[in-house]
Amino acid sequence: MDFNMKKLASDAGIFFTRAVQFTEEKFGQAEKTELDAHFENLLARADSTKNWTERILRQTEVLLQPNPSARVEEFLYEKLDRKVPSRVTNGELLAQYMAEAASELGATTPYGKTLLKVSEAEKRLGAAERDFIHTASISFLTPLRNFLEGDWKTISKERRLLQNRRLDLDACKARLKKAKAAEAKATLWNDEVDKAEQELRVAQTEFDRQAEVTRLLLEGISSTHVNHLRCLHEFVKSQTTYYAQCYRHMLDLQKQLGSSQGAIFPGTFVGTTEPASPPLSTTSPTTAAATMPVVPTVAGLATSGEAALCLEEVAPPASGTRKARVLYDYEAADSSELALLADELITVYSLPGMDPDWLIGERGNKKGKVPVTYLELLS
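Source: prediction; values computed, not measured. Here the residue numbers are simple positions, counted from 1 along each chain's written sequence. Note on the predicted model: pLDDT of at least 70 is required for a residue's local features to be given, and 80 or more for side-chain atom pairs to be given and counted; whole-chain, interface and lining totals, by contrast, use all residues. Side-chain metrics rest on all non-hydrogen atoms present in the structure, leaving aside hydrogens and water.

Engineer: Outline the overall build of the chain, supporting the account with residue identities and numerical values.
Structural biologist: Within the chain, the secondary structure is distributed over eight helices and five strands. In the chain, the succession of helices and strands from N to C terminus is α-α-α-α-α-α-α-α-β-β-β-β-β. Counting across all 379 residues of the chain, residues that qualify as buried make up 31%. Between two residues, a contact is recorded if the distance between any of their heavy atoms is within 4.5 Å. By sequence separation, contacts in the chain at least 24 residues apart represent 69% of the contacts at least 6 residues apart. In this text, helices come from DSSP runs of H or I with a minimum length of four residues, and strands from runs of E with a minimum of two, each type numbered from the N-terminal end. Relative accessibility thresholds used throughout: buried, under 20% of the residue-type maximum; exposed, over 50%; partly exposed, between the two (1.4 Å probe, protein chains only).

Engineer: Can you tell me about the pattern of salt bridges, naming the residues and giving the values?
Structural biologist: Basic side-chain nitrogens of Lys or Arg form a salt bridge, by our definition, when they fall within 4 Å of a carboxyl oxygen of Asp or Glu. For the structure shown, the criterion picks out 14 salt bridges. Several salt bridges converge on common partners, so that one network encompasses Arg58, Glu61 and Arg145.

Engineer: Residues and numbers for the packing of aromatic side chains, please.
Structural biologist: Ring pairs shown here join Phe, Tyr and Trp side chains whose ring centres sit within 6.5 Å, with only the six-membered ring taken for Trp; geometry is labelled stacked below 30 degrees between planes, edge-to-face above 60, and tilted in between. In this structure the tally under the stated criterion is eight aromatic pairs. The interplanar angle of 45° and the centroid separation of 5.1 Å between the aromatic rings of Tyr242 and Tyr243 together place this pair among those described as tilted. Using a relative accessible area of 42% as the deciding quantity, one classes Tyr243 as partly exposed. An aromatic cluster of three or more residues is present, and its members are Phe132, Phe140, Phe235, Tyr242 and Tyr243. Cation placement over rings: the criterion is NZ of Lys or CZ of Arg within 6 Å of the ring centroid and within 35° of the ring normal. It is Arg55 that lies over the ring of Trp52; its NZ or CZ is 4.5 Å from the centre. Of note, Lys369 hangs over the ring of Trp358, and the distance from its end group to the ring centre comes to 5.5 Å.

Engineer: Before we move on, can you summarise the nonpolar core with the specific residues and values?
Structural biologist: Ranked by internal contacts, the top residues of the largest apolar core, which has 34 residues, are Phe39, Phe132, Phe140 and Leu218. The set of elements that each furnish at least two residues to this core consists of helix H2 (37–64), helix H5 (110–185), helix H6 (190–219) and helix H7 (221–264). Sorting elements by how many residues they give to this core places H5 first, with 16 residues. Residues within four places of Phe39 in sequence aside, it is in contact with Leu162, Ala211, Thr214, Arg215 and Leu218. In plain words, nonpolar cores are sets of buried Ala, Val, Leu, Ile, Met, Phe, Trp, Tyr and Cys residues tied together by side-chain atoms within 4.5 Å. Counting residues in hydrophobic clusters, the runner-up holds 15 residues, among them Ala324, Leu340, Ile360 and Leu375.

Engineer: Give me the lowdown on the pairing of strand E4 (residues 366–371), citing residues and values where you can.
Structural biologist: Where strand E3 (residues 358–363) and E4 come together, six bridges link them in antiparallel fashion. Of the residues in E4, the one forming a bridge with Ile360 is Lys369. Two strands qualify as a pair provided that DSSP identifies no fewer than 2 bridges between them. Turn length for the E3-E4 hairpin, with the two strands adjacent in sequence and antiparallel, is two residues, and the turn residue Gly364 shows positive phi of about 65°.

Engineer: Give a detailed account of the sheet that holds E3, specifying residues and quantitative values.
Structural biologist: As summarised here, the arrangement of the five strands in space is E4-E3-E2-E1-E5, forming an open sheet in which the pairing is antiparallel. Among the strands making up the open sheet, the edge pair consists of E4 and strand E5 (375–377). The average angle at which neighbouring strand axes cross in this sheet is 40°, direction not considered. Inspection of the sheet shows strand E1 (residues 322–326) paired to strand E2 (residues 345–349) by four bridges, in the antiparallel sense. Among the inter-strand pairings, Ala324 is bridged to a residue of E2, identified as Ile346. The axes used here are C-alpha line fits, helices contributing only the stretch in contact, and every angle between their N-to-C directions lies in the interval 0 to 180 degrees.

Engineer: Can you explain unusual backbone geometry? Please cite residues and give values.
Structural biologist: Residues apart from glycine generally show negative phi values, whereas peptide bonds are mostly found in trans. The residue Asp343 is not glycine, and still its phi comes out positive at about 75°. Topologically, Asp343 is positioned in the loop between E1 and E2.

Engineer: Can you explain a nonpolar patch on the surface? Please cite residues and give values.
Structural biologist: Patch definition: residues above 30% relative accessible area lacking any salt bridge, with like charges linked at up to 9 Å and the nonpolar side chains Val, Leu, Ile, Met, Phe, Trp and Tyr linked at up to 5 Å. For accessible areas, the Shrake-Rupley method is used with a probe of radius 1.4 Å. Any residue's cover is judged against the shown protein chains and nothing else. Together, Val72, Phe75 and Leu76 give the surface a local cluster of nonpolar side chains, amounting to about 290 Å² of exposed area. Note on placement: Phe75 falls in helix H3 (residues 68–79). For Phe75, a relative accessible area of 45% corresponds to the partly exposed category.

Engineer: Any chance you could break down the pairing of E1 for me, citing the residues and the numbers?
Structural biologist: The pairing of E1 with E5 spans three bridges and is antiparallel. The residue bridging Arg325 from the neighbouring strand is Glu376, located in E5.

Engineer: Tell me what's going on with the side chain of Thr49, and back it up with residues and numbers.
Structural biologist: Tracing the chain through its elements places Thr49 in helix H2. By relative accessible area, which is 8% here, Thr49 ends up buried. Any pair of nitrogen or oxygen atoms within 3.5 Å is treated as a polar contact; in protein, a donor-acceptor pairing is required on top of that, and neighbouring residues in sequence qualify only through side-chain atoms on both sides. Of note is the side chain of Thr49, whose polar atom sits 2.8 Å from the side chain of His225. When neighbours within four sequence positions are excluded, Thr49 is seen to be in contact with Phe147, Ile221 and His225.

Engineer: Before we move on, can you summarise H3 with the specific residues and values?
Structural biologist: One fewer than the residue count of a helix, multiplied by 1.5 Å, yields its expected span. Counted at 1.5 Å a residue, the expected span for H3 with its twelve residues is 16 Å, and the 17 Å between its end C-alpha atoms agrees. N-capping of H3 is provided by Asn67, with a side-chain oxygen placed 2.9 Å from the backbone N of Ser69. Taken from the residues just after H3, Asp81 is the one with a positive phi, measuring 55°.

Engineer: Any details on helix H4 (residues 90–105)? Residues and values, ideally.
Structural biologist: An α-helical turn contains 3.6 residues, so any two residues separated by three or four positions project in the same direction. End to end, H4 covers 22 Å across 16 residues, agreeing with the expected 22 Å (1.5 Å per residue, within 8%). If you check which residues of H4 are buried, you get Gly91, Glu92, Ala95, Met98 and Ala102. Projected down its long axis, H4 carries its buried residues within an arc of 120°, all on one side. Looking at H4, the residues exposed on the side facing more than 90 degrees away from the buried face are Asn90 and Glu104. Two residues or fewer past H4, Gly106 is found with a positive phi of approximately 120°. For this quantity, the arc is that covered by the directions from the helix axis to the C-beta atoms.

Any link to function would need more than the numbers given here.
Here it is as structure tokens:
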């Protein structure tokens, strides 16, 4: 009991001494041992790494899970060391609603059939999103969290110890200085000077040892950067795979809808399309990335490898022309397109091989490609 009381009293005395030293330094009443420039650079680099890792981690979490309530729930499950329950993605939920709507409104009707097709595509998108979130969490978020909750906590602990050792060292320097000043006035302070010098040597040794430990940990930040770089490459690879899958799924859906639109709307305005491509394999990121177009395909009148079609030579088909009302202003991107003004009426028609998102529009003696989404086709 006496030993514990003495230890508590000693700890309280050390804490008080450090507090006094720290306060006097803040007010410029005590000298402070400065760290060398290299050490200060290591500290600044470590702080920047920690701060930016936190920001990137939090924003990536927002990217993967935009719902803040869901993020809080997942955080609590992780802290309780429990498995996070499987959650339906927004795409899968939309697919469910569309399938139910088709069942109730009539799965054999044109609208019902289209709902089912879009539902299947949304389900595949939701599954791709789920795989992306899982892969990104393991390959990117987990390493960032491990750094913040592991290595950084160790660095912070050793930095606090170094701060305490420095305060102890500077307090010993102050006591020695006072003892020598008193010795100059009287010859009875020799013991005090010897004691202060011994305490200073011990404090200097402990400070140097702690500084070396802290320096080695701070230099390890370079290895952290290398590890985070590798994880960043994995994140980009998984994101590339995800968007490649989404692109292929939507391309297949667009072709399916385009092939059925002619049967729904007589006098089709949609050109023939290629057969739907098979779903992209989720096991080949390299292949997935290769399927993504490097430059977006320009909606044109001719397919790849064919000569560009001259608009002046294009003649309206004998049948299949219709009137359309322009919904929004549209500024032509080049000479092959026709600029549009909201609420004006134009004549439109399609040609074989055209992108289903575009039509040929005519206004007087002017003609050019126009986007379907800017039009309301009139009967």
